[in-house]
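Understanding the architecture of this molecule
One letter stands for each residue in the lines below.
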Amino acid sequence: MSDLKFISADSHVQENDALFKERVPAEYRHRLPHMVTIDGGEYEIVEGRKPRRFDLAEANINEDDLNRNFRQDPSGGTDIPRRLADQERDNISAEVLYCNSLLTYLGSPDSKFQMAVAKAYNDWIMDLFGSHPDRFVPTAILPTLDVAAAVEEVSRLSGMGFRAVSAPIGIKDQPYSYPVYEPLWSALEDAGMVFSLHFNTGTEDKLPKDVGEESYGGFLSYMIISMAEGIEPTALLLSSGVPMRHPDLQFIIVECGGGWLAWTLYALDEQYERKHMWINPKLDMKPSEYFKRQGHVTFGDDPVALTTLGYIGDDALLWGSDYPHDEGTFPHSGEVIDRIFKGYPEEIKRKVVYENAARLYRFHMS
Amino acid sequence: MPDLAIISADSHCNEPAEIYQRLPEEYRARAPHEGLIDGKRYLIYEGQRPSPMEAPHPLTEDDMRRYWRDGEELGRVQHRAGGTHIPTRLADQEVDGVTAEVVYPQAIFKLFSSPDPGYQLALARLYNDWHHEIFGGYPDKFVVSAQIPMIDINDGIAEARRAAKLGYRSFSLPVIMPMLPYNMPDYEPFWTAVEDLGVPVAFHVFTGGPGAEPATQEPYEIRNGVDQLGQVLGMTAAMYPMVQLIASGACQRHPGLKFVLAEAGIGWLPWLLVQMDDNHHRRHMWEVPQLELLPSEYFKRQGYSTFADDIVGIMTREFTGVDSLMWGSDYPHDEGTFPHSQEVIERTFKDVSEEDKRKIVCGNAARLYGFRLN
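Residues numbered from 1 in each chain as written. Chains lettered and ligands numbered in written order. Predicted model: local features only at pLDDT ≥ 70, side-chain atom pairs only at ≥ 80, totals over all residues. Heavy atoms only, no water.

Some remarks on the sheet that holds strand β7 (residues 140-141) of chain A
Residue and element names in this part refer to chain A. Overall, parallel pairing links the six strands, which are arranged β7-β8-β9-β10-β11-β12 in an open sheet. With one partner strand each, in any of the chains shown, β7 and β12 (317-319) form the two edges of the open sheet. As paired elements, strand β11 (residues 295-299) and β12 share three bridges and run parallel to each other. Across the sheet, the residue bridging to Phe299 is Trp319, located in β12. (Pairing = 2+ DSSP bridges. Helix = DSSP H or I, 4+ residues; strand = E, 2+ residues; numbered from the N terminus.)

Thoughts on the sheet that holds strand β1 (residues 6-12) of chain A
Two pairing modes exist for strands in a sheet, parallel and antiparallel, and in both the strands are linked by backbone hydrogen bonds. Residues and elements named next belong to chain A. One open sheet holds the three strands; their spatial order is β1-β5-β6, and the pairing between them is parallel. At either margin of the open sheet sits one strand with a lone partner, and together these are β1 and β6 (136-138). Sheet twist, expressed as the mean angle between neighbouring strand axes with direction ignored, is 15°. Sheet topology places strand β5 (residues 92-98) next to β6; three bridges connect them, and they run parallel. Each bridged residue has a counterpart across the sheet, and for Leu97 the counterpart in β6 is Pro138. Packed on one face of the sheet, helix α3 (residues 80-89) meets β1, β5 and β6 and runs near 120° to β5. (Axes fitted to C-alpha atoms, helices over the stretch in contact; angles between N-to-C directions. Contact = heavy atoms within 4.5 Å.)

Let's talk about the interface of chain B and chain A
Opposite the 80 residues of chain B that make contact, chain A presents 76 residues. In this assembly, chain B and chain A are joined by four salt bridges. The residue Arg282 of chain B makes a salt bridge to Asp301 of chain A at a minimum N-O spacing of 2.5 Å. Linking chain B to chain A there are 14 residue pairs in polar contact (both at pLDDT 80 or more). Put simply, the parts of the chain that give the side of chain B that touches chain A at least two residues each are α7 (226-236), α8 (239-247), α10 (269-282), α12 (311-315) and α13 (341-348) of chain B. Broken down by element, the residue count for the side of chain B that touches chain A peaks at ten residues, all from α10 of chain B. A class-by-class count of the residues in the side of chain B that touches chain A yields 41 nonpolar, 21 polar and 18 charged. (Salt bridge = Lys/Arg side-chain N within 4 Å of Asp/Glu carboxyl O. Polar contact = N/O pair within 3.5 Å; in protein donor to acceptor, adjacent residues only side chain to side chain. Nonpolar A, V, L, I, M, F, W, Y, C, P; charged D, E, K, R; others polar.)

A look at the nonpolar core
Core analysis: the biggest nonpolar cluster contains 231 residues, and Tyr361 of chain A together with Phe190 and Trp191 of chain B have the highest contact counts within it. At eleven residues, helix α4 (residues 111-129) of chain A tops the list of elements feeding residues into this core. Those residues in contact with Phe190 of chain B, other than ones at most four positions away along the chain, are Ile148, Met150, Ile153, Gly156, Ile157, Ala160, Leu173 and Val201 of chain B. (Core = buried A, V, L, I, M, F, W, Y, C linked by side-chain atoms within 4.5 Å. Buried < 20%, exposed > 50% of the residue type's maximum accessible area, 1.4 Å probe, protein only.)

Describing unusual backbone geometry
For the bond running from Phe330 of chain A to Pro331 of chain A, omega is -5°, close enough to zero to count as cis. Within the secondary structure layout, Pro331 of chain A lies in the loop between β12 and α14 (333-340). Cis peptide bonds are those with omega within 30 degrees of zero, and the linkage from Val288 of chain B to Pro289 of chain B qualifies with 0°. For Pro289 of chain B, the location among the structural elements is in the loop between α10 and α11 (295-302).

Things to note about the pattern of salt bridges
All names here are of chain A. Per the stated rule, a full pass over the model turns up 40 salt bridges over all chains. The salt bridge partner of Asp314 is Lys351, with a shortest N-O separation of 3.0 Å. A residue pair is termed long-range when its members are at least 10 positions apart, and Asp314 in the loop between α13 (309-312) and β12 and Lys351 in helix α15 (residues 346-360) qualify at 37 residues. Among the residues examined, Lys351 registers a relative accessible area of 17% and is labelled buried. Lys351 serves as the salt-bridge partner of Asp315, at 3.0 Å between the closest nitrogen and oxygen. Here the residue Asp315 occupies a position in the loop between α13 and β12, and Lys351 occupies one in helix α15, the gap between them amounting to 36 residues. Classification of Asp315 as partly exposed rests on a relative accessible area of 34%. Residues joined in a network through salt bridges with shared partners are Asp64, Asp65, Arg68, Arg71 and Asp326.

Focus on the packing of aromatic side chains
Each aromatic ring pair is specified by the distance between its two centres and by the angle formed by the two planes. A full pass over the atoms with the stated rule returns 28 aromatic pairs over all chains. With a centroid separation of 5.9 Å and 85° between ring planes, the pair formed by Phe54 of chain A and Trp286 of chain B is classed as edge-to-face. With one member in each of two chains, Phe54 of chain A in the loop between β4 (52-53) and α3 and Trp286 of chain B in the loop between α10 and α11 form a pair that bridges those chains. Accessibility expressed as a relative area gives 26% for Phe54 of chain A, which makes it partly exposed. On the basis of relative accessible area, Trp286 of chain B is assigned to the buried category, the value being 8%. Aromatic rings pair up to connect Tyr182, Tyr187, Phe190, Trp191 and Phe203 of chain B into one cluster. Directly above the ring of Phe113 of chain A sits Arg31 of chain A, whose terminal nitrogen or CZ lies 4.3 Å from the centroid. When the ring centre of Phe371 of chain B is taken as reference, the NZ or CZ atom of Arg169 of chain B above it lies at 5.5 Å. (Phe/Tyr/Trp six-rings, centres within 6.5 Å; stacked < 30°, edge-to-face > 60°. Lys NZ or Arg CZ within 6 Å of the ring centre and 35° of its normal.)

Focus: the layout of surface pockets
Residue and element names in this part refer to chain A. In this structure, the second largest pocket spans a volume of roughly 930 Å³. Residue lining of the second largest pocket: 38 residues in total, with Glu44, Arg52, Phe54, Asn69 and Asn100 positioned closest to the centre. By residue number, the principal contributor to the lining of the second largest pocket is helix α7 (residues 218-228), which donates three residues. Split into classes, the residues belonging to the lining of the second largest pocket amount to 17 nonpolar, eight polar and 13 charged. (1 Å grid on protein atoms, 1.4 Å probe; cavity = no way out; pocket = protein on both sides within 12 Å on 5 of 7 lines; lining within 4 Å. Points joined across faces, edges and corners; volume = space filled by probe spheres on them.)

Some words on the pairing of strand β8 (residues 164-167) of chain A
All names here are of chain A. The alternating pattern of β8 places Ala164 and Ser166 on one face and Val165 and Ala167 on the opposite face, and all of these are buried. Pairing between β7 and β8: two bridges, direction parallel. Of the residues in β8, the one forming a bridge with Ile141 is Ser166. In this fold, β7 hands off to helix α5 (residues 147-160), which returns the chain to β8; that crossover is right-handed. Of the strand pairs in this sheet, β8 and strand β9 (residues 194-198) are connected by four bridges, and their pairing is parallel. For Ala167, the partnering residue across the bridge sits in β9 and is Leu197. Between β8 and its parallel partner β9, the chain crosses via helix α6 (residues 182-191), and the hand of that crossover is right-handed. (Right-handed = clockwise from strand over helix to strand, strands pointing away.)

What about the pairing of strand β12 (residues 303-307) of chain B?
All names here are of chain B. The buried fraction of β12 amounts to five of the five residues, a majority that puts the element mostly inside the structure. Of the two faces of β12, the one carrying Gly303, Ser305 and Phe307 and the one carrying Tyr304 and Thr306 are both buried. The pairing of strand β11 (residues 259-262) with β12 spans three bridges and is parallel. Following the sheet pairing, Phe259 is matched in β12 by Gly303. For β12 and strand β13 (residues 325-327), the ladder comprises three bridges, and the chain directions are parallel. When the sheet's bridge partners are listed, Phe307 is paired in β13 with Trp327.

What follows is the structure, given as structure tokens:
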């Protein structure tokens, strides 16, 4: 095995009191995601979402699980030497960072609340990680409900040195195919910032209605249906011609895996041809060609994506550990990568676990 | 290859508007119909926004083969006699090299979006009676799918039992039920009933229950990729019933229950199965009910999915196995393969063994639906 290190294009940081109790404006603090006890159960309350029960899993945690979800790291991944030691253990040289408790808060219908919290988070995360640009790319939270405010924030973020923004993966009443977003695409293109859509950040709650997670397989449904949510913005952006009009806009679907991508691109190309009489706008290239030029996805443990490289190319795939989540690969990333790349050329592996991320996020390559 | 029987596991007919005259009077005006909005023709379905009938771009000669033409009149979906004139239909299948078909409806599918249980049941019964009259006499050529309303589960059970007596070998259920997802225990008596009847249930794409909104609500006039999007995103809706039936343990409790995802494509299946198994392992601490088998094993045992032109799913069949995959032409729709099915099949199965190909284009459907083939 070579001395190849990995870049995790999908990792997380837990927000702490310095953010929630000091930086978020006082008027909004009581509306942040928080835990409450209802009938003896511990529930997370997030504005715009159903209460989600958290304590049931505790009884089923094993030794391996204790490594993850910051169960033994009271700093929640903000203690940088400790974090770097964990990444060393997992053979990771750099990470693209996303939030944790704030992943779902964009379900709130209040765009002012969304933006006030996002700005506080963006200042906080850059202060913490900004001085290690070769180890960390913090991703700014970008609420997109109010497009004019989003454009303004992109300009501020660009001046602060951000290289990527994380927007809701789905907005129910204002999908990314709408013309209202044109100024945002231009602003991101000009700023050279990656437009990132992370698993479980949509405005729509994918927990089955009226179902506690404790029953009826609700949790497994929720995880899988939320991953499938990555297909929608991919199809919306490609079929509405956003990458055609904005050739320098780069976008990425994060933590949804990659095995759905070949099918999605093939189906979009095929429908574009067969239903030609119904389709506007006319595109200059096939939907799949725009994706190959401007789209990306991250996956953790998804052998299916690699079997379809003929349809997606080898520039679009980025690997991510999802540190420190239970569904991620930490601390076994090396084993997972060895297993899924078995039989593939070293060159492909190097691109997917390192070079594609280094290029997209402008990490200095050693 | 000409001796290879081919079964289309996903075809359609289009119900003539006259049949709605058989409805009780209170429902007649609400049945699917054409309407004019700002001088343009739309299809009007209860519980949905109007759907335009006139395409913004000209049709090619090839498209015309799938369309019905009468002078200046051109129907979008009304293929010839709506696919209900049996000699015409059989001649088309002969041209396309198709031996037998599983036939789903067209407009009647939209009954599922109405919020009114009485209306749903009246349309379902009407369709199930009429369809049987037209197609019932050709059991080795056609398996027709009965419409089973699920908004009132007891109605659903009663209609399923009635349809089974008429000889139906497939039940169509709404693909998603936003008000009450299929993982809820309310459906247990229904799964028990269909398991006893031994009839597979089908979740055909674009058949959502009340409240199932399309992905984009922008006016059709803006059309930012609406049609292409609708097709692709509509196919992904089939993931919901699949995940809900497996994750809730319905498949575990009802091993005789068979389900078909119709027109859903298959290229996403390997990814979904791998991710379900992966989450079953990694997020074990959250899983209730605990599944005895891997999620993918329930699908392989009880699930099926149909596709028309989807080489990605064929390339990745190592993850799905070949016993759950069924080809279907989607005749007579624009997005389907008619009249080029042979070309598509040849191209798609170029590198596939004769044995696997035979299962996917014929054997699996013959076994599931009990077609007798020569």
